[in-house]
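Each chain, letter by letter, is given below.
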Amino acid sequence: MDDVGAASKQHEVYGLTRIRLGPVRLPFPGNLLVLKYLPPIKRWGPYRELTAADWEGVLDRIERSGSRMTVGITAGWVETDGTVTPYPRKFPAAGRVVRQGVERGLLEVANHGYTHCVLAGGRFRPRLFSGNRADHREFYDWLPTAVHREHLRRSQAILQEFLGRAVETFVPPGNVLSRKTLDAAPEVGIRFVSCRGAREWAPAPGLALLDDARVLAFHDRDVVRGGLDWLDRLLVAAPPGRYSTVREVALA
Ligand SMILES: [Zn+2]
């Protein structure tokens, strides 16, 4: 489950730009002003963060089903002014339950970036006349090597201090990464990279690459919108042996 702690749930706002009318798809100004905030035109955000009570329910269901889950946490919450608040400080109550989930062996926490977005120039903010989806990815090849390294270093520091243990799995936001990211990752303790198309990056020295074909990827948004019932249906449909973490699959 990705996007825990990611401020993209507040700032990533874009609308439908095509509307189906019988066999044709008509252009539609879904990114105009407030239209992009209104269902059914609204496509991604805003939606809320999972609460401590939500997390209690998630852990309860995972435990009862005999499964385990990898949670991709974005270590820094990007405020509207562009400053970054570490996840454990932004969501202390929810964070405590997540940490208990790790201690109980139900969750693996993965690094899902430092910001989930491009910080430079305030590009992450919603716009009046267009969507901003492209800027809610973090590890673009056109960003300097120093940015890749710095974002990995900062996110690892926040998450490892929060948990008091190593974080070894990296899930690049929006499946966007570059050779610069892969070169920097082992230096900060990352051993596993999980995303769509991961194996196309092989060989990546020091890293095991895990394609989405072996992962059931979803977002906290699915649980916020569908509730714990949605998660129950997912767990009921689990294959024999139940679900395990990315780390466990990579090491198997
Ligand atoms: Zn994400």
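Up top you'll find the structure we're talking about.
Computed from a prediction, not measured in an experiment: that's the story for all the values here.

Considering the overall build of the chain
Here's step 1: Along the chain, the regular secondary structure elements total 8 helices and 9 strands.
Here's step 2: The contacts of the chain with a sequence gap of at least 6 include a subset with a gap of at least 24, amounting to 66%.
Here's step 3: A total accessible area of about 12000 Å² is found for the chain, and carbon and sulfur atoms account for 54% of it.

Observations regarding the packing of helix 2 (residues 52-65) against helix 7 (residues 220-236)
Here's step 1: Contact geometry of helix 2 with helix 7 gives a least axis separation of 10 Å together with a crossing angle of 20°. Judged by the angle between their axes, helix 2 and helix 7 are roughly parallel. For the pair helix 2 and helix 7, the crossing hand works out as right-handed. For the pair helix 2 and helix 7, the contacting residues are Asp54, Gly57, Val58, Arg61, Ile62 and Ser65 in the first and Leu228, Leu231, Asp232 and Leu235 in the second.
Here's step 2: Residue composition of the contact of helix 2 with helix 7, grouped by class: 5 nonpolar, 2 polar and 3 charged.

A few points about helix 5 (residues 145-163)
Here's step 1: Taking 1.5 Å of rise per residue, the 19 residues of helix 5 would be expected to cover 27 Å, and the 27 Å separating its terminal C-alpha atoms lies within 8% of that figure.
Here's step 2: Buried residues of helix 5: His148, His151, Leu152, Ser155, Gln156, Ile158, Leu159, Phe162 and Leu163, and no others. The buried residues of helix 5 occupy an angular sector of 165° when the element is viewed end-on, so they sit on one face. Every exposed residue of helix 5 that faces more than 90 degrees away from the buried side is listed here: Ala146 and Glu161.
Here's step 3: Phi turns positive one or two residues past the end of helix 5, at glycine 164, with a value near 70°.

Regarding the packing of helix 2 against helix 4 (residues 92-103)
Here's step 1: Their axes nearest at 8 Å, the elements helix 2 and helix 4 cross at an angle of 20°. As judged from the angle between their axes, helix 2 and helix 4 are roughly parallel. Two packed elements cross with a definite hand, and for helix 2 against helix 4 that hand is right-handed. Each of Ala52, Trp55, Glu56 and Leu59 in helix 2 lies in contact with helix 4, whose residues at this interface are Ala93, Ala94, Val97, Val98 and Gly101.

Here's the deal with the pattern of salt bridges
Here's step 1: Taken as a whole and assessed by the stated rule, the structure comprises 14 salt bridges.
Here's step 2: The partner of glutamate 63 in a salt bridge is arginine 104, with the nearest N and O atoms 2.8 Å apart. Of this pair, glutamate 63 sits in helix 2 while arginine 104 sits in the loop between helix 4 and strand 6 (107-111), and the two are 41 residues apart along the sequence.
Here's step 3: Lysine 90 is paired through a salt bridge with glutamate 79; the nearest N and O atoms lie 3.1 Å apart. Separated by 11 residues along the polypeptide, lysine 90 in helix 3 (residues 87-90) and glutamate 79 in the loop between strand 4 (76-78) and strand 5 (84-86) bring together distant segments of the chain.
Here's step 4: The structure contains a network of salt bridges with shared partners spanning Asp60, Arg61, Arg64 and Asp232.

Comments concerning the coordination of the zinc ion
Here's step 1: Coordination sphere of the zinc ion, protein contribution only: Asp3 (OD), His112 (NE2) and His116 (NE2), at 1.9 to 2.1 Å.
Here's step 2: Coordination of the zinc ion draws on donor residues from a single chain, spaced D-x108-H-x3-H in sequence. On the criterion of sequence distance, the pair formed by aspartate 3 in the segment before helix 1 (8-11) and histidine 112 in the loop between strand 6 and helix 5 is long-range, its members being 109 residues apart. Take aspartate 3 and histidine 112: they sit in the same class, and that class is buried.

Re helix 7
Here's step 1: Taking 1.5 Å per residue as the helical rise, helix 7 with its 17 residues ought to reach 24 Å, whereas the 18 Å between its terminal C-alpha atoms falls clearly short.
Here's step 2: Bending of helix 7 peaks at approximately 115° at the position of glycine 226.
Here's step 3: All buried positions along helix 7 are accounted for by Asp220, Arg221, Val223, Val224, Leu231, Leu234 and Leu235.
Here's step 4: Contact partners of the buried residues in helix 7: helix 1 and helix 2.

Thoughts on unusual backbone geometry
Here's step 1: Proline 203 follows alanine 202 through a cis peptide bond whose omega is -5°.
Here's step 2: Here proline 203 is to be found in the loop between strand 8 (192-195) and strand 9 (208-211).
Here's step 3: Notably, histidine 116 is not glycine yet its phi reads approximately 65°, a positive angle.
Here's step 4: Structurally, histidine 116 can be placed in the loop between strand 6 and helix 5.
Here's step 5: Taking the relative accessible area as the measure of exposure, histidine 116 reaches 2% and is therefore buried.

Considerations on the packing of aromatic side chains
Note on aromatic pairs: each is described by the distance of the centres and the angle between the planes.
Here's step 1: All told, the structure shown has 6 aromatic pairs when counted by the stated rule.
Here's step 2: Between tyrosine 87 and phenylalanine 91 the ring centres are 6.0 Å apart and the planes differ by 45°, which places this aromatic pair in the tilted class. Here the two residues tyrosine 87 and phenylalanine 91 agree in accessibility, since each one is buried.
Here's step 3: With centroids separated by 5.7 Å and ring planes inclined at 75°, the aromatic side chains of tyrosine 87 and phenylalanine 162 adopt a geometry described as edge-to-face. Remark: phenylalanine 162 occurs in helix 5 and tyrosine 87 occurs in helix 3; sequence separation between them is 75 residues. In this pair, the class of tyrosine 87 matches that of phenylalanine 162, namely buried.
Here's step 4: Taken together, the aromatic side chains of Trp77, Tyr87, Phe91 and Phe162 make up a single cluster linked through ring pairs.

The rules behind each value
- Residues numbered from 1 in each chain as written.
- Predicted model: local features only at pLDDT ≥ 70, side-chain atom pairs only at ≥ 80, totals over all residues.
- Heavy atoms only, no water.
- Helix = DSSP H or I, 4+ residues; strand = E, 2+ residues; numbered from the N terminus.
- Contact = heavy atoms within 4.5 Å.
- Areas by Shrake-Rupley, 256 points an atom, 1.4 Å probe, with all protein chains shown as cover.
- Axes fitted to C-alpha atoms, helices over the stretch in contact; angles between N-to-C directions.
- Parallel < 35°, antiparallel > 145°, perpendicular 65-115°, else oblique.
- Left-handed = near helix turned anticlockwise from the far one by under 90°.
- Nonpolar A, V, L, I, M, F, W, Y, C, P; charged D, E, K, R; others polar.
- Expected span 1.5 Å × (residues − 1).
- Buried < 20%, exposed > 50% of the residue type's maximum accessible area, 1.4 Å probe, protein only.
- Arc of directions from axis to C-beta.
- Salt bridge = Lys/Arg side-chain N within 4 Å of Asp/Glu carboxyl O.
- Donors = N, O, S within 2.8 Å, 3.2 Å for Na, K, Ca; no water.
- Bend = angle between axes of the 7 residues up to and from the residue.
- Phe/Tyr/Trp six-rings, centres within 6.5 Å; stacked < 30°, edge-to-face > 60°.

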